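# Breakdown of the fold
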Amino acid sequence: MQLTAAVSFLTVLQEESVSIHTYSHSFLHIILQNLEHRDAGVSNAWLETLLAVIEALPKETVRHEILNPLVSKAQLAQTLQSRLVSCKIMGKVANKFEAHIIKREVLPLVKSLCQDVEYEVRTCMCRQLEHIARGIGTELTKTVVLPELVELARDEGSSVRLAAFETLVNLLDMFDADDRSQTVLPLVKSFCEKSFKADESILVSLSFHLGKLCNGLYGIFTPEQHLRFLEFYKKLSTLGLQQENGHNDNQLQLQTLEQEKKYISVRKNCAYNFPAMMVFVDPKNFHLELYSIFFCLCHDPEVPVRYTMAISFFEVAKLLNSDVHTIHKELVTLLQDESLEVLDALVGHLPEILELMANRGENNGSESKLLSIPDLIPALTTAEQRAATSLKWRTHEKLLQKYACLPHIISSDQIYYRFLHRMLTIILTNNVLPVQKAAARTLCIYLRYNRKQEQRHEVIQKLIEQLGQGKSYWNRLRFLDTCEFIMELFSKSFFCKYFFLPVLELTHDPVANVRMKLCYLLPKVKSTLKIPTDKHLLQQLELCIRKLLCQEKDKDVLTIVKRTVLELDRMEISVDAFQKRFYENDLLDQEKERQEHLLLEMEQLEKEKQQTEGRSTNINDKMFEKKRRDSKASSVLAKSINLSVPGSSSGTSAGKEEKKSKLVRSQSFSTQALHPKYSNIDKCPNKSSATGYTSSVSGMGKSCMLSFSDDSFRTHSTGSSGNAAFLSSSSSRNLFNSADQKNSGNKESQSRRMSIKNRKSNS
């Protein structure tokens, strides 16, 4: 009852159920009375209510009702509980009044409580010195608070020393350089030295505040002191792992469970402070100074350490900036961690981490910059499968939501073959509704950024067939969820083109829940229409609604149909032209449509580029083949020339050979079967010899004509195909012997006929 009353009194104040004056008069004295309750839990509950009330009360009320009675309650003669309450109240009122009031009325009580005989009171007052210092300013802090802290730092009670150390670290920004170098730094050095030797009680706190401490004292460190604190951090980061790594084999001792927990807490705090230590060292020196510690913390045997490292991973990646590629392997390691808690911590900032690695990695190719990490995509798929097989469906849902960033990180084909079909499988087989919806939304985003129309059509067809027309009503319900995401992510024209009619088909669904969900969705479906372009779709929608009104037998569905009809009647359909009331939505839809057309244009350009590259490759192959044949033909021709020149015996024989080669080339051109009408050319010299000299000359004339025409035909065909030019050299060489025999026979027969005619004329 007391605990509930304390919370209720605070609620009355927060909700301003009564005025401050009424609250002070009616409720405040009840709160003050219960501060002295004998039960510590009840007393602390009322104290928390009072501390919250002090902020809202007027200064005068606080001074008269709270601060003035505090002088008597803080005396040594009062109970321990009363003095502890007084310490906390003084820390709260320090920010309520001006510095001179605090100096006159509060600081004497503070000094008294800092020297209390009970260590609990000294510890409590020491922790309130930070709030008091913020209230009185830097000058009074230097003259009053700092000497008290120095004295408390040498207190016999370990809890008092710990509170003094933490307060000193939190107040570093209020001390000047002289105070830091002459007062704070010696105290900190003594704390670090004692932590391993005689006072392990402050080891956990020291490891927790080490990052703030090193950066707060950075300006006054000498290079030697800088290195000493860095080595101290490295030592804390591996505390308790030496024996596991095989060190100190001769000094093996059984550690107590308490010590093990303490060492785990120290390493966890080191993981928490790792980004701060990177700033202390300078991110440029990360690989040289801190990478080994980073590796150890990411592979620590204890889950809390790896969990803290996973939370800090994004901060480390931001600090590394262009050198983020140095921690690729550790990202893969944490993604493959056996603990789902570690995975859940890492996934929180996974899109930002992957984006940093994609934009600032070493690889600057046109494809994804993460292709330099061969294990990344398998690690992502493995992480999703482990989350799917566990009972922690919230982690699985979170993972699927974060995987929606992948279109900006890896290529469209990698998403299509490794992730997109997996999302569809989750929608079809998973039993957790939030997980199915997360998978559906991520699938729609993958579809939105897919760069191949064939793949998009395949996915759309599977969505319609396996979800919209699926045997399970649960799948058909998920189809309607998917359509909502499509209407959100895609343009109106895209939805109307592919999904409008499949959605309307569900008005005939045999399950009432499906028809009911469809009715809720119909206003959104109608909002995708544009008149007059989608006039036929509007008619289909009105027809389906009439059928529902006339044929629906389920009372609940019919009630929703009637309500939906009224809502549809009130809706205004947008037209193709821009309207003022729909201007922002139309602009957004126009941008979506423009991006969809841009994807189609990019796909077409990629196809044309591939065709051009393929054509150029073929041309290059043909040119290479041509050069190879030309070089081969020239080498053979050179050999034949070299063989024929030494064999010539006289100038007369050389002239005959030259004439003979010309005739052979002429006949070789004429004998090439490039066209059917040239197939009977060889028959001309074989006619009867009785035709005489005239027929012989005419035959030679025809042969010459055919030779010229054939040569011109070859030139034309060579220009068009690039292959016919290789026929002349080889074919002419092959016809040398046969052509020589034919020409010699024709010359002999012609010489006989001429000699016979000369004899007859002489006779």
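Rules of the game
- Residues numbered from 1 in each chain as written.
- Predicted model: local features only at pLDDT ≥ 70, side-chain atom pairs only at ≥ 80, totals over all residues.
- Heavy atoms only, no water.
- Helix = DSSP H or I, 4+ residues; strand = E, 2+ residues; numbered from the N terminus.
- Buried < 20%, exposed > 50% of the residue type's maximum accessible area, 1.4 Å probe, protein only.
- Contact = heavy atoms within 4.5 Å.
- Areas by Shrake-Rupley, 256 points an atom, 1.4 Å probe, with all protein chains shown as cover.
- Axes fitted to C-alpha atoms, helices over the stretch in contact; angles between N-to-C directions.
- Parallel < 35°, antiparallel > 145°, perpendicular 65-115°, else oblique.
- Nonpolar A, V, L, I, M, F, W, Y, C, P; charged D, E, K, R; others polar.
- Polar contact = N/O pair within 3.5 Å; in protein donor to acceptor, adjacent residues only side chain to side chain.
- Salt bridge = Lys/Arg side-chain N within 4 Å of Asp/Glu carboxyl O.
- Expected span 1.5 Å × (residues − 1).
- Disulfide = S-S within 2.5 Å.
- Phe/Tyr/Trp six-rings, centres within 6.5 Å; stacked < 30°, edge-to-face > 60°.
- Lys NZ or Arg CZ within 6 Å of the ring centre and 35° of its normal.

A count of helical and extended segments in the protein chain gives 36 helices and two strands. Evaluated residue by residue, the protein chain yields a buried proportion of 42% over its 763 residues. The contacts of the protein chain with a sequence gap of at least 6 include a subset with a gap of at least 24, amounting to 71%. Counting every atom, the protein chain has about 42100 Å² of accessible surface; 53% of that belongs to carbon and sulfur.

Turning our eyes to something else, we now look at the packing of helix 5 (residues 59-73) against helix 7 (residues 99-114). As a packed pair, helix 5 and helix 7 sit with axes 9 Å apart at the nearest point and diverge in direction by 40°. By the angle between their axes, helix 5 is oblique relative to helix 7. Contacts between helix 5 and helix 7 involve Arg-63, Leu-67, Asn-68, Leu-70 and Val-71 on the former and, on the latter, Ile-101, Arg-104, Glu-105, Val-106 and Leu-109. When grouped by side-chain class, the residues that make up the contact of helix 5 with helix 7 number six nonpolar, one polar and three charged.

The next subject is the side chain of Ser-43. Positionally, Ser-43 belongs in helix 4 (residues 40-56). Reaching out from Ser-43, the side chain makes a polar contact with the backbone oxygen of Leu-35 at a distance of 2.8 Å. In contact with Ser-43, other than residues within four places in its own chain, are Asn-34, Leu-35, His-37, Gln-81 and Val-85.

Okay, the pattern of salt bridges next. Pairs can form between side chains of opposite charge once their charged atoms are near each other. Applying the stated criterion across every chain, the model contains 28 salt bridges. Of the charged contacts, one joins Arg-63 and Glu-105 as a salt bridge, the two residues approaching to 2.6 Å between their closest N and O atoms. Here Arg-63 is found in helix 5, whereas its partner Glu-105 is found in helix 7, with 42 residues between them in sequence. Between Lys-452 and Asp-413 there is a salt bridge whose closest N-O contact spans 3.2 Å.

Attention shifts here to helix 13 (residues 223-237). Residue pairs three or four apart in sequence face the same way in an α-helix, which turns once every 3.6 residues. Over its 15 residues, helix 13 runs 21 Å from end to end, which matches the ideal 21 Å to within 8%, given 1.5 Å per residue. Every buried residue of helix 13 is accounted for by Gln-225, His-226, Phe-229, Leu-230, Phe-232, Tyr-233, Lys-234, Leu-236 and Ser-237.

For Arg-154, the position within the fold is in the loop between helix 9 (138-153) and helix 10 (158-170). Classification of Arg-154 as exposed rests on a relative accessible area of 62%. For the pair Arg-154 and Ala-164, spaced ten residues apart in sequence, the C-alpha to C-alpha distance is 8.8 Å.

Before going further, it helps to examine the state of the cysteines. Per the stated rule, a full pass over the model turns up zero disulfides. In this model Cys-483 remains outside any disulfide bridge; the closest cysteine sulfur is found in Cys-444, 8.2 Å from its own.

Turning our attention to unusual backbone geometry. The omega angle of the peptide bond from Ile-531 to Pro-532 is 10°, so this bond is cis rather than trans. Inspection of the secondary structure assignment puts Pro-532 in the loop between strand 1 (530-531) and helix 30 (535-551). The phi torsion at Asp-282 lies on the positive side, around 95°, for a residue other than glycine. Along the polypeptide, Asp-282 turns up in the loop between helix 15 (274-281) and helix 16 (286-298). Given a relative accessible area of 34%, Asp-282 falls into the partly exposed group. Even without a glycine there, the phi angle at Asn-321 is positive, about 55°. Along the chain, the position of Asn-321 falls in the loop between helix 17 (303-320) and helix 18 (328-335).

Topologically, Ser-312 is positioned in helix 17. Leave out the neighbours within four places in its chain, and Ser-312 touches Ala-271, Tyr-272 and Pro-275.

Glancing now at the packing of aromatic side chains. Applying the stated criterion across every chain, the model contains 22 aromatic pairs. With a centroid separation of 5.3 Å and 45° between ring planes, the pair formed by Phe-274 and Phe-294 is classed as tilted. One end of the pair, Phe-274, is in helix 15; the other, Phe-294, is in helix 16, with 20 residues separating them in the sequence. Note on accessibility: Phe-274 and Phe-294 belong to one class, buried. Here a set of aromatic residues connected by ring pairs shows up, and it is made of Phe-479, Phe-490, Phe-494, Phe-495, Tyr-498, Phe-499 and Phe-500. Taking the ring centre of Tyr-449 as reference, the NZ or CZ of Arg-448 above it sits at 5.5 Å. For Arg-478, the ring lying beneath its charged end belongs to Trp-474, and the centroid distance is 4.5 Å.

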